[in-house]
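# Topology and contacts: notes
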Amino acid sequence: MEVTKLQKQNHYDEIAQQIKEMIVQGQLKMGDKLPSTKELSERFGVGRSTMREALSALKAMGLIEIRQGGASRVIRDAPSEVTLPEWTSLRMNRTTLLELMEVRQSLEISIASIAARKRTPEDLAQLQRIMQDMGSSVGNDAEGERTDLGFHQLLVQATHNSIMEQTFESIRNAMEMMIRDIRRAELYANQEVAVKLLKEHKVIYEAIVSGDPVLASAAMREHLEHVESILIKYI
């Protein structure tokens, strides 16, 4: 299993993409076991928590299963995806984008509530690290995007619900395809907006830490309504 060591830390999405390509191209076949998390983290030159995030993303795509104890095995040769209407024209379709944002809001509010109830000490440790990264990336659009996506990915991971993870991954991919340029231009490069987003994530994080599903849901709703109010100006 030949991999390309990353130049930056914590890019779990790049790791997931590399392994996904190996699976799709047949370098890794159904039934193949992946190396241990420790070995993979050494090969990619990242920490184990980053490697676990990458494996969770692959699990959410339906490509691998992660067994008790951390062992991973390839179970599909192509990502499982939700088929959305008018896929090729989503960027131009205001109605579909609004509908998709409604789905995302409903899904992530539920995710926040479940994560507050089911999060483990390891989940909290990973969320704490991503919050620290988020704080140091204010004003940096690329890092702001990475840490924001990482935060939401860790929340769905903290639900410990594989179906929720797969559904979230499909919605996230569609949203990112449509609003990536807007996110980078407005959400993260704008210092004032970036600071407000950080505060909103802190409220969500603190609710998860305290194990308060009601507060976590309310905080997520407020955050997503703020993001939607920005995006709506561009569609």
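The name given to the chain in an unreviewed UniProt entry is DNA-binding FadR family transcriptional regulator, with Paenibacillus qinlingensis as the source organism.

## Re the nonpolar core
Soluble globular proteins tend to pack their nonpolar side chains together in the buried interior. Formed by 31 residues in total, the largest nonpolar core has its most connected members in I111, L127, F151, L155, I204, I208 and M220. Of all the elements, helix α4 (residues 94–118) adds the most residues to this core, at eight residues. When sequence neighbours within four positions are dropped, the list of residues in contact with I204 reads F151, L155, A219, M220 and H223. Core analysis: the next-biggest nonpolar cluster, separate from the first, contains 21 residues, L28, F44, L58 and L149 among them.

## Focus on the pattern of salt bridges
Per the stated rule, a full pass over the model turns up six salt bridges. Residue E122 is joined to R52 by a salt bridge in which the shortest nitrogen-to-oxygen separation is 2.8 Å. You can see E122 sitting in helix α5 (residues 121–136) and its partner R52 sitting in helix α3 (residues 48–60), a full 70 residues away along the chain. Taking the relative accessible area as the measure of exposure, E122 reaches 40% and is therefore partly exposed. Residue E200 pairs with K196 through a salt bridge whose shortest N-O separation is 2.8 Å. You can see E200 and its partner K196 sitting in helix α8 (residues 191–210), four residues apart, about one turn around the helix. Classification of K196 as partly exposed rests on a relative accessible area of 40%.

What counts and how
- Residues numbered from 1 in each chain as written.
- Predicted model: local features only at pLDDT ≥ 70, side-chain atom pairs only at ≥ 80, totals over all residues.
- Heavy atoms only, no water.
- Core = buried A, V, L, I, M, F, W, Y, C linked by side-chain atoms within 4.5 Å.
- Buried < 20%, exposed > 50% of the residue type's maximum accessible area, 1.4 Å probe, protein only.
- Helix = DSSP H or I, 4+ residues; strand = E, 2+ residues; numbered from the N terminus.
- Contact = heavy atoms within 4.5 Å.
- Salt bridge = Lys/Arg side-chain N within 4 Å of Asp/Glu carboxyl O.

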